[in-house]
Amino acid sequence: MNKVPSLHGPVSPTKDIRPASIPDVIQAKNLYKTFGSMTAVDGIAFSVQKGEVFGFLGPNGAGKTTTMKMIACVSPKTSGSLVVLGMNPDMEPAAIKARIGVVPQETNLDPDFTCFGNLFTYARYFDIPDEAAAQKADELLEFVQLTEKRDVPVEKLSGGMKRRLILARALVNNPEILILDEPTIGLDPQARHLMWEKLRALRAQGNTIVLTTHYLDEAARLCDRLVIMDNGRILVEGAPADLVREHAGQEIVEVETSDDVVACLQDLKVPYEMAGDMILIATGSSRDIARVLLDRCKPEKVITRPATLEDVFLKLTGRKLRE
């Protein structure tokens, strides 16, 4: 079993490594980001507490990645207030970048180096001495289960291995906040579960993690709290289980659509939602509803299941495809 590397040691004697003295390591109020006439982030407010996993969910173009870029000091805000580790990203971007780690959506490893070489070289950007950098690189390779690939060129790695190496690289500078943009994009189920295992291990050690993901089961498994965004605004915020309970109920009954079933549900005054060729009914007792439907409406097929975060997401953001 791979131990979790310590992420709280000094990065460099030349860097400002003051511990955060505020309970919220990230705080945004009335935050805006515009590109010409387009508003990408529209006056949002949120806070991230030290030691929690906080998620940004939303369809394409919702503003979540733009928000992450402002937190990571990659894109300056247009207006509003944003404080990261007690600092203003507009005034102290270098100091913030020294204390965060970023896992971007794209794979941007250096193809000219091995796995070890990527980590060792990246450590030099933080003025970590050679001996400490080599030790950190080997610790992180062990943590992401890539020790056997230590001297293998990046181009020889699978997609899952590359994502794990990018995670290891983001941890080189002992970050106080880890920012992940679609951390498991394109991975097969086995690789995705391994990434989840590593992120949960970091969370258990007390690290603060901020992530975006299109995988709703991933958000439900990993996030302590999350926001769902659309059109640059935050629609809801809370713990995944609380959002499911509040907006989707406890259980869902799915019924194939037909004119007779729709008419029957209207006669019974049962509230429902149309979802393509299926009818969805949110309920606290799926068995009772299913029994009534089978007895009175005579549908060809009835499915009962627990309500999920995906139900909340689709209810709030709609089912229309976003490009």
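To be clear, the structure that these remarks concern was listed above.
Residues numbered from 1 in each chain as written. Predicted model: local features only at pLDDT ≥ 70, side-chain atom pairs only at ≥ 80, totals over all residues. Heavy atoms only, no water.

Quick word on the sheet that holds strand 12 (residues 278-283)
The pairing of strands in a sheet comes from backbone hydrogen bonds and takes either a parallel or an antiparallel form.
Part 1: The four strands are arranged 11-12-10-13 in an open sheet whose pairing can be described as antiparallel. Pairing within the sheet leaves two strands with one partner each, and these edge strands are strand 11 (273-275) and strand 13 (302-306). Strand-to-strand, the axes of this sheet are offset by a mean angle of 30 degrees, without reference to chain direction.
Part 2: Sheet topology places strand 10 (residues 251-256) next to strand 12; six bridges connect them, and they run antiparallel. Looking at strand 12, one finds that glutamate 256 is bridged to methionine 278. (Pairing = 2+ DSSP bridges. Helix = DSSP H or I, 4+ residues; strand = E, 2+ residues; numbered from the N terminus. Axes fitted to C-alpha atoms, helices over the stretch in contact; angles between N-to-C directions.)

Side note on the environment of alanine 191
Part 1: By the element assignment, alanine 191 lies in helix 6 (residues 189-204).
Part 2: Alanine 191 gets classed as buried once you look at its relative accessible area, which sits at 11%.
Part 3: In the structure, alanine 191 is positioned 75 residues away from glutamine 266 in sequence and 46 Å away in space, judged by C-alpha atoms. (Buried < 20%, exposed > 50% of the residue type's maximum accessible area, 1.4 Å probe, protein only.)

Comments concerning the layout of surface pockets
Part 1: Here the largest pocket defines a volume of roughly 550 Å³.
Part 2: What lines the largest pocket is a set of 24 residues, and nearest its centre among them are Ala72, Val74, Val102, Pro104 and Tyr122.
Part 3: Of all the secondary structure elements, the ones that give two or more residues to the lining of the largest pocket are helix 1 (64-71), helix 2 (93-97), strand 5 (100-103) and strand 6 (177-181).
Part 4: Among the elements that make up the lining of the largest pocket, the one with the highest residue count is strand 5 (four residues).
Part 5: For the lining of the largest pocket, the class distribution of residues is 14 nonpolar, four polar and six charged. (1 Å grid on protein atoms, 1.4 Å probe; cavity = no way out; pocket = protein on both sides within 12 Å on 5 of 7 lines; lining within 4 Å. Points joined across faces, edges and corners; volume = space filled by probe spheres on them. Nonpolar A, V, L, I, M, F, W, Y, C, P; charged D, E, K, R; others polar.)

Quick word on helix 10 (residues 286-297)
Part 1: Buried within helix 10 we find Ser286, Ala290, Leu293 and Cys297. Each buried residue of helix 10 sits inside an arc of 80 degrees when the element is viewed along its axis, so together they form one side. Away from the buried face of helix 10 by more than 90 degrees, exposed residues Arg287 and Arg296 are located.
Part 2: Where helix 10 is buried, its residues touch strand 10, helix 9 (259-268), strand 12 and strand 13.
Part 3: Immediately beyond the C-terminal end of helix 10, within one or two residues, lies lysine 298, with a positive phi of roughly 55 degrees. (Arc of directions from axis to C-beta. Contact = heavy atoms within 4.5 Å.)

Some words on the state of the cysteines
Part 1: Under the counting rule described, the total for this entry stands at one disulfide.
Part 2: The disulfide partner of cysteine 264 is cysteine 297, and the S-S distance across this bridge is 2.0 Å. Torsion about the S-S bond of the cysteine 264 and cysteine 297 cystine: about -75 degrees, corresponding to left-handed handedness. You can see cysteine 264 sitting in helix 9 and its partner cysteine 297 sitting in helix 10, a full 33 residues away along the chain. With respect to burial, cysteine 264 and cysteine 297 carry one shared label: buried. (Disulfide = S-S within 2.5 Å.)

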